[in-house]
Amino acid sequence: MTRRRVALVTGGAKGIGKAITEKLAVAGFSVAINYNTSEQAAFDLVAKLQSRGVNALAVKADVSDFNAVKRMYDECRAYFGFVDTLVNNAGISLIKPLYECTEADFDRVIAVDLKSVFNTCRIFTPDMTSEGFGRIVNVSSVWGEYGGSTETLYSAAKAGVIGFTKALNAELARGGVIVNSVSPGFINTSMNAELCEADVAAFLESVSVGRVGSPEEVAEAVEFLTRENLYVAGANLSVNGGIL
């Protein structure tokens, strides 16, 4: 069966999210590009994709807000009819020693990086289960696997994403909805641009391939996990260059 595939990519206008959006578009998906503050980037990407004949829509929502995600679902449903693929990419980082972290820091990181995954999955999966088909890819982090010094809150949220992924797949996969996650390592994005050369060099000492990864390399892993014929389920795919 050849399906008309439609994907929603949260945080899909910039960085890794943009690369994922473009990769899925090349693979034949119609794409909904979620953004919160990056409006111009989102509409520029929509225009670029539409010029190539891709069915694309920009949808604004703070994915940490359940009601905002519900409104985004309504907009996607009205425009596309059905979203069969969900890529939870939106996230924020926080580099700060734990003793300096506030309760507000904790609430914000958990809301954006973990609660958002609950919000989108809770709202979008009922359609997938009724159709008997769906693909969900949650973007975690290398720090969700190993833990990062001075990134305790971020690491906790991303570890939660991996656990959420495995549990939700166990719940839904027999009904045709497969859930996986990817854990990027050090990727060349604006999120990592603030790190000094010494910090980058120190991290790369632990990377077996000895280089920084690209957003496109993460996007390739995500696209693989969205395929219709897929025998990878409940897995976390590490895209980290081989952490030693």
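Predicted model only: the values in this text are computed from it and were never measured. (Residues numbered from 1 in each chain as written. Predicted model: local features only at pLDDT ≥ 70, side-chain atom pairs only at ≥ 80, totals over all residues. Heavy atoms only, no water.)

Draft legend 1. Up close: the environment of Gly12. With respect to the secondary-structure elements, Gly12 resides in the loop between strand S1 (6-9) and helix H1 (15-26). A C-alpha to C-alpha distance of 5.5 Å links Gly12 and Asn34, two positions 22 residues apart in sequence. Once residues lying within four places of it in the same chain are set aside, the contact partners of Gly12 are Gly17, Lys18, Thr21, Ile33, Asn34 and Leu45. (Helix = DSSP H or I, 4+ residues; strand = E, 2+ residues; numbered from the N terminus. Contact = heavy atoms within 4.5 Å.)

Draft legend 2. Looking closely at the state of the cysteines. A full pass over the atoms with the stated rule returns 0 disulfides. Here Cys121 stays free of any disulfide, with the sulfur of Cys76 as its closest cysteine sulfur at 14 Å. (Disulfide = S-S within 2.5 Å.)

Draft legend 3. Structural context of the packing of H1 against helix H8 (residues 215-225). Contact geometry of H1 with H8 gives a least axis separation of 8 Å together with a crossing angle of 50°. When the interaxial angle is binned, H1 and H8 end up oblique. As for the relative orientation of H1 and H8, their crossing is right-handed in sense. Contacts between H1 and H8 involve Gly15, Ile16, Ala19, Ile20, Lys23 and Leu24 from the former and Pro215, Glu216, Val218, Ala219, Glu220, Val222 and Glu223 from the latter. (Axes fitted to C-alpha atoms, helices over the stretch in contact; angles between N-to-C directions. Parallel < 35°, antiparallel > 145°, perpendicular 65-115°, else oblique. Left-handed = near helix turned anticlockwise from the far one by under 90°.)

Draft legend 4. How the structure looks around the nonpolar core. Ranked by internal contacts, the top residues of the largest apolar core, which has 30 residues, are Ile20, Leu24, Leu49 and Val182. Dropping the residues within four chain positions of it, Val182 is found in contact with Val137, Asn138, Val139, Ser140, Ser141, Val218, Ala221, Val222, Leu225, Asn236 and Leu237. With 27 residues, the next largest nonpolar core counts Ala68, Cys76, Ala90 and Val177 among its residues. (Core = buried A, V, L, I, M, F, W, Y, C linked by side-chain atoms within 4.5 Å. Buried < 20%, exposed > 50% of the residue type's maximum accessible area, 1.4 Å probe, protein only.)

Draft legend 5. Representation of the sheet that holds strand S3 (residues 56-60). Across the sheet, which stays open at both edges, the 7 strands sit in the order S3-S2-S1-S4-S5-S6-S7 with parallel pairing between neighbours. Lying at the two open borders of the sheet, with one neighbouring strand each, are S3 and strand S7 (236-239). Averaged over all pairs of adjacent strands, the angle between their axes in this sheet comes to 20°, without regard to strand direction. Direction of pairing for S1 relative to strand S4 (residues 85-88): parallel, over a ladder of 3 bridges. Pairing of Ala7 across the sheet is with Thr85, part of S4. (Pairing = 2+ DSSP bridges.)

Draft legend 6. Molecular detail of helix H3 (residues 66-80). With 15 residues, H3 should reach 21 Å at 1.5 Å per residue; the first-to-last C-alpha distance of 21 Å fits that figure. Among all positions of H3, only Ala68, Val69, Met72, Tyr73, Cys76 and Phe80 are buried. Buried residues of H3 fall within an arc of 145° about the axis and therefore sit on the same side. Pointing more than 90 degrees away from the buried face of H3 are the exposed residues Arg71 and Ala78. Buried-residue contacts for H3 involve S1, strand S2 (30-35), S3 and helix H4 (103-131). Just beyond H3, the residue with positive phi is Gly81, at close to 90°. (Expected span 1.5 Å × (residues − 1). Arc of directions from axis to C-beta.)

Draft legend 7. Looking closely at the environment of Ala61. Take Ala61: it is sitting in the loop between S3 and H3. In this structure the C-alpha to C-alpha distance between Ala61 and Asp107, which are 46 residues apart in sequence, comes to 18 Å. Once residues lying within four places of it in the same chain are set aside, the contact partners of Ala61 are Asn34, Tyr35, Asn36, Ala68 and Met72.

Geometry only, nothing functional implied.
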